[in-house]
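Summary of structural features
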Amino acid sequence: TASPADIAHRLTGAKHVVVVTHGKPDGDAAGSALSMTRLAAKLGAKAEAWFVGPFPAWLGTLGGSTPFRKLGELRAVIDPAWGEPDLVVVVDTGSWPQLEAVREWLPTREAKTVIVDHHLHGHPDVSRVRCIDTRAASCTQIIARVADAALGLNPDAPLRAVALVRDWPV
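Criteria and thresholds
- Residues numbered from 1 in each chain as written.
- Predicted model: local features only at pLDDT ≥ 70, side-chain atom pairs only at ≥ 80, totals over all residues.
- Heavy atoms only, no water.
- Buried < 20%, exposed > 50% of the residue type's maximum accessible area, 1.4 Å probe, protein only.
- Helix = DSSP H or I, 4+ residues; strand = E, 2+ residues; numbered from the N terminus.
- Pairing = 2+ DSSP bridges.
- Salt bridge = Lys/Arg side-chain N within 4 Å of Asp/Glu carboxyl O.

With that settled, the discussion passes to the pairing of strand E5 (residues 113-117). The element E5 is largely enclosed, with a buried count of 5 among its 5 residues. Here E5 shows two buried faces, one formed by Thr 113, Ile 115 and Asp 117 and the other by Val 114 and Val 116. The sheet contact formed by strand E4 (residues 87-91) and E5 spans 4 bridges and is parallel. The partner of Val 89 across the bridge, within E5, is Val 114. Where E5 lies against strand E6 (residues 129-132), 4 bridges are found, and the strand directions are parallel. Within E6, the position partnered with Val 114 by the bridge is Val 129.

What follows is the structure in structure tokens.
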């Protein structure tokens, strides 16, 4: 089990971050992946969110200028030219059936993968480093605490971390 501060520490040291979530991303999955990507970039990493479809029509609008890639519908086609990440962050899931599209790619990166989720169920072999809070209504609530820790913000000022959801300066 990892805390938001543990995840923040790993992000702070990362140079190349990929953020993934479950296929057919809903608002929490997309918002979590995009805000984690923005946080990693703010900390100096090359970062990109990867999505597997079907894709909601609003994904491009929500994504704004945040680097993200649509890997395809149902099965991911990963471009090796993007490079090898030193950190993979799985958000809003930790379950293999929801990560089926990256099932061949993810297991060889288990040692550098972390999970941030608010769901109780998940598979421990996705990653041993798991920041799970089932009391959170959404994964974005946990990511706000990760952002507070990574940016040295007061957790009693949650709206500052929420600024990562858009391209607004923090």
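Having seen the model, we can carry on.
With that settled, the discussion passes to the pattern of salt bridges. Inspection of the entire model under this criterion finds 6 salt bridges. With its nearest N and O atoms 2.9 Å apart, the salt bridge here joins Glu 84 to Lys 112. Of this pair, Glu 84 sits in the loop between strand E3 (68-73) and E4 while Lys 112 sits in the loop between E4 and E5, and the two are 28 residues apart along the sequence. Judged by relative accessible area, Glu 84 falls into the partly exposed class, the value being 41%. The exposure class of Lys 112 is partly exposed, given its relative accessible area of 23%. A salt bridge links Glu 110 to Arg 128; its shortest N-O distance comes to 3.6 Å.

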